[in-house]
Amino acid sequence: MITERIKGIKQTLPEGVRLVAVSKFHPASMIQEAYDAGQRIFGESHVQEMVAKYEVMPKDIEWHFIGHLQTNKVKYIAPFVSLIHAVDSEHLLKEIDKQAKRCERVIPVLLQVHVAKEETKFGFAPNELLEFMKSEVWKQYENVSISGLMCMATNTDDEVQIASEFEQAKELFDTIRDSNFDLQNWKTCSWGMSDDYPIAVKHGSTMVRIGSLIFGERIY
Ligand SMILES: *Cc1c(COP(=O)(O)O)cnc(C)c1O
């Protein structure tokens, strides 16, 4: 089942769009099934859960942290995380840099931009994010590699609204790309989930984060 679903989704993704299989709340046995189907990138949103799975699963898996990350927990994932998707403050960026340094590595990160209508979502406001980039304070953090943007659209059936939110993120991504900030790895647009990924790939996404469509409903 999982194997067929992954194959089905991959067939619909344009070249250059990577699939993050969001395995939060699902057991290692289901991750193994996806792994056996060739999937190597998995997304988790709870630190303890990701560490526990990292310890038992094959070591060539790329673990992406996709949820809201608390600064006091960065140290637990710093040794092995492949990409942190939702950096939404300088404070968090600074802590990731510090822990990456301790591990003698550079950790790729994405900045989360808030484009959705809902107020509960985390992330920089678009203007705030542009100001942050222009301030160049991030340049002092040499053990993080700022690699792109992440966003979540409003949870709605209104496809026009969803498309306009992704488009807003894409425009911001392009503005930063064209601003000569000397960002070597500015490449990734992480948007699109089970319900809205077809819209996301039409509006600039290079990385979709899909959970329930692969693994079924989550039991919290
Ligand atoms: C849970 C989660 C997803 C996956 O959601 P689905 O609707 O199950 O595909 C994607 N991104 C983030 C940030 C998540 O927390």
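Residues numbered from 1 in each chain as written. Predicted model: local features only at pLDDT ≥ 70, side-chain atom pairs only at ≥ 80, totals over all residues. Heavy atoms only, no water.

Draft legend 1. Layout of the pairing of strand β1 (residues 18-22). β1 sits mainly inside the fold: 4 of its 5 residues count as buried. Sheet analysis places β1 next to strand β8 (residues 207-210), joined by 4 bridges and oriented parallel. Each bridged residue has a counterpart across the sheet, and for R18 the counterpart in β8 is M207. Here 2 bridges tie β1 to strand β2 (residues 41-44), and the two strands are oriented parallel to one another. Residue pairing for β2: A21 is matched across the bridge by F42. Since β1 and β2 lie parallel, the crossover through helix α2 (residues 28-36) that links them has a hand, and here it is right-handed. (Buried < 20%, exposed > 50% of the residue type's maximum accessible area, 1.4 Å probe, protein only. Helix = DSSP H or I, 4+ residues; strand = E, 2+ residues; numbered from the N terminus. Pairing = 2+ DSSP bridges. Right-handed = clockwise from strand over helix to strand, strands pointing away.)

Draft legend 2. Summary view of the nonpolar core. Within the largest apolar cluster, 66 residues are counted, with the highest numbers of intra-cluster contacts made by I77 and I84. Residue contributions to this core peak at 7 residues, all from helix α7 (residues 159-177). Every residue in contact with I84, bar those within four places of it in the chain, is listed here: F65, L69, I77, I96, I107, P108, V109 and L110. Counting 7 residues, the second-largest nonpolar core is a separate cluster that includes V20, L83, A86 and M207. (Core = buried A, V, L, I, M, F, W, Y, C linked by side-chain atoms within 4.5 Å. Contact = heavy atoms within 4.5 Å.)

Draft legend 3. Representation of the packing of helix α6 (residues 126-135) against α7. For the pair α6 and α7, the least separation of the axes is 11 Å and the interaxial angle reads 15°. The orientation of α6 relative to α7 falls into the category roughly parallel. Handedness of the α6/α7 crossing: right-handed. Residues P126, L129, L130 and M133 of α6 touch α7, and the partners they reach there are Q168, L172, T175 and I176. Grouping the amino acids of the contact of α6 with α7 by side-chain chemistry returns 6 nonpolar, 2 polar and no charged. (Axes fitted to C-alpha atoms, helices over the stretch in contact; angles between N-to-C directions. Parallel < 35°, antiparallel > 145°, perpendicular 65-115°, else oblique. Left-handed = near helix turned anticlockwise from the far one by under 90°. Nonpolar A, V, L, I, M, F, W, Y, C, P; charged D, E, K, R; others polar.)

Draft legend 4. A look at the side chain of E95. As for its placement among the helices and strands, E95 is situated in helix α5 (residues 90-102). Among all residues touching E95, those that are not within four sequence positions of it are T71 and V74.

Draft legend 5. Examining α5 more closely. The end-to-end C-alpha distance of α5, which contains 13 residues, comes to 18 Å, matching closely the 18 Å that a straight helix rising 1.5 Å per residue would cover. Those residues of α5 not exposed but buried are L92, L93, E95, I96, D97, Q99 and A100. Those residues of α5 that are buried lie in contact with α4 (74-77), β4 (83-87), β5 (107-112), α6 and β6 (144-150). E104 lies just past α5 and shows a positive phi near 55°. (Expected span 1.5 Å × (residues − 1).)

Draft legend 6. Just the packing of helix α1 (residues 2-12) against α2, in detail. Packing of α1 against α2 leaves a shortest axis separation of 8 Å and a crossing angle of 50°. Relative to α2, the element α1 lies oblique. Crossing handedness for the pair α1 and α2: right-handed. Packed against α1, whose contacting residues are I2, T3 and I6, the element α2 presents M30, E33 and A34 at the interface. Here the residues of the contact of α1 with α2 sort into 4 nonpolar, 1 polar and 1 charged.

Draft legend 7. Up close: the site of the ligand. Every residue close to the ligand is listed here: V22, K24, I66, M150, M193, S194, R209, I210, G211, S212 and R218. Contact between the ligand and S194: an oxygen atom at 2.6 Å from a side-chain N or O atom of the residue. Note that a nitrogen atom of the ligand is positioned 2.9 Å from one of the side-chain N or O atoms of R209. Computed on the free molecule, the ligand has an accessible area of 390 Å², of which 89% lies beneath the protein chains in the complex. Its residues assigned to classes, the shell around the ligand comprises 5 nonpolar, 3 polar and 3 charged. (Near = heavy atom within 4 Å. Polar contact = N/O pair within 3.5 Å; in protein donor to acceptor, adjacent residues only side chain to side chain. Areas by Shrake-Rupley, 256 points an atom, 1.4 Å probe, with all protein chains shown as cover.)

Draft legend 8. Spotlight on the environment of T12. Mapped onto the fold, T12 is located in helix α1. Taking the C-alpha atoms as reference points, T12 and P198, 186 residues apart in sequence, are found 8.3 Å from one another. A polar contact of 2.7 Å, which involves the side chain of T12, links it to the backbone oxygen of I9.

All we've got here are geometric facts, nothing functional implied.
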